[in-house]
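Listed here are the chains, written in short residue letters.
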Amino acid sequence: MIIAHLSDLHLDGGSRADDRVAAVLRYLGGLAKPVDAIVVTGDIADHGTAEEYARAAELLKHPAPVLLCPGNHDVRAAFRTGLLDLPASDGPIDLDREVGGVLFALCDSTIPGRGAGFLADETLAWLDGVLSGGDGPAVVAFHHPPVDVGVPLVDAIRQSGEDRLAAVLTRHPRVVALLAGHVHTGASTTFAGVPLRIAPGVVSGALLPVEPGADRGWAEGGPLEYDRPPALLLHVLHDDGRVTSHHRTVPR
């Protein structure tokens, strides 16, 4: 199975973000073999407006299943109506989908009105339940990584309460990978003994502390670079449960 992993589109009604997302979808459309699933780990919209989600729905059309979870820039009610064709609600957006024998559990790690992340008790109970429903491979996705990744301004607003998530994962060894976004740079680590893959930002790239300009605060644009080409991860899920992740930049 090949999984395309995108994150942080930040569609804002402008042509720049639109063009970058369109370039990524053209790249996927040009592959010799179609991907089996596309996972988008949040911040699909920049302001959470109905117009931004309508544009996202147009741009993200693809023959493969497109699986979505919200980020801190998304708005739950508009996300539901604009992307999922569900009634408006302000509760967590937790979704599961089986694709090719693999369970995808998409968790809402957002705290409405805040940049930081947290998995609500009801989300963790839901996740525990869906993971209990079988023994095939499972992929768990959310926006906020549950660990520090070495980008200080993002680490300050990562997912907290991670010990609760670790307890759920320990009960379910079927989870082969965790997918996240939020950091705007591709990164790979582990959490609770499970591979954690963080997708690069489609809209921009993040600077590490050792790179020039990384000390900018959010008022100065944050540790972000907007001249980098859009990028994504391609995850290969092998028959033995291993996950190999490939970082790809996309020409515009």
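Predicted model, so just to flag it, every value in this text is computed and none were measured.

On to unusual backbone geometry. The general pattern is negative phi for most residues beyond glycine and trans for most peptide bonds. Even without being glycine, aspartate 8 reaches a positive phi, approximately 55 degrees. Position of aspartate 8 relative to the elements: it lies in the loop between strand 1 (2-6) and helix 1 (15-29). What makes aspartate 8 buried here is its relative accessible area of 0%. Of note, aspartate 43 is a non-glycine position whose phi angle comes to about 50 degrees, a positive value. In this fold, aspartate 43 is placed in the loop between strand 2 (37-41) and helix 2 (50-59).

What follows deals with helix 1. Look at helix 1: 20 Å from first C-alpha to last across 15 residues, which is about the 21 Å you get at 1.5 Å a residue. Listing the buried residues of helix 1 in full gives Ala17, Asp18, Arg20, Val21, Ala22, Ala23, Val24, Leu25 and Leu28. Of the surrounding secondary structure, the elements contacted by the buried residues of helix 1 are strand 1, strand 2, helix 2 and strand 14 (231-237).

Looking now at the sheet that holds strand 3 (residues 66-69). Taken together, the five strands give an open sheet; going across it, the order is 3-2-1-14-15, and neighbouring strands pair in mixed fashion. The open sheet has two edge strands with one neighbour each: strand 3 and strand 15 (243-249). For this sheet, the mean angle separating the axes of adjacent strands, direction not counted, is 20 degrees. Sheet topology places strand 1 next to strand 2; four bridges connect them, and they run parallel. Note on strand 2: the bridge partner recorded for histidine 5 is valine 39. Of the strands in this sheet, strand 1, strand 2, strand 14 and strand 15 touch helix 1, which is tilted by about 35 degrees from strand 14.

This next bit is on the sheet that holds strand 5 (residues 102-106). With mixed pairing, the six strands of this open sheet are ordered in space as 4-5-7-9-11-10. Edge positions in the sheet fall to strand 4 (95-99) and strand 10 (187-191), since each of these pairs with one other strand and no more. Taken over all neighbouring pairs, the strand axes of this sheet differ in orientation by 20 degrees on average, direction set aside. As paired strands, strand 7 (residues 138-141) and strand 9 (residues 175-180) are joined by four bridges and run parallel to one another. Note on strand 9: the bridge partner recorded for valine 139 is alanine 177. Docked against the sheet, helix 4 (residues 121-131) engages strand 4, strand 5, strand 7 and strand 9, running at close to 175 degrees with respect to strand 5.

What follows covers the nonpolar core. Judged by nonpolar contacts, the single largest core of 30 residues is most densely connected at Leu6, Leu9, Val21, Ile38, Ile44, Leu60 and Leu232. Sort the elements by how many residues they give to this core and helix 1 lands first, with seven residues. Those residues in contact with leucine 9, other than ones at most four positions away along the chain, are Ala17, Val21, Val40, Gly42, Asp43, Ile44, Leu60, Val202 and Val203. Ranked by size, the runner-up nonpolar core spans 27 residues in total, among them Ala105, Cys107, Leu169 and Val175.

How each quantity is defined
- Residues numbered from 1 in each chain as written.
- Predicted model: local features only at pLDDT ≥ 70, side-chain atom pairs only at ≥ 80, totals over all residues.
- Heavy atoms only, no water.
- Helix = DSSP H or I, 4+ residues; strand = E, 2+ residues; numbered from the N terminus.
- Buried < 20%, exposed > 50% of the residue type's maximum accessible area, 1.4 Å probe, protein only.
- Expected span 1.5 Å × (residues − 1).
- Contact = heavy atoms within 4.5 Å.
- Pairing = 2+ DSSP bridges.
- Axes fitted to C-alpha atoms, helices over the stretch in contact; angles between N-to-C directions.
- Core = buried A, V, L, I, M, F, W, Y, C linked by side-chain atoms within 4.5 Å.

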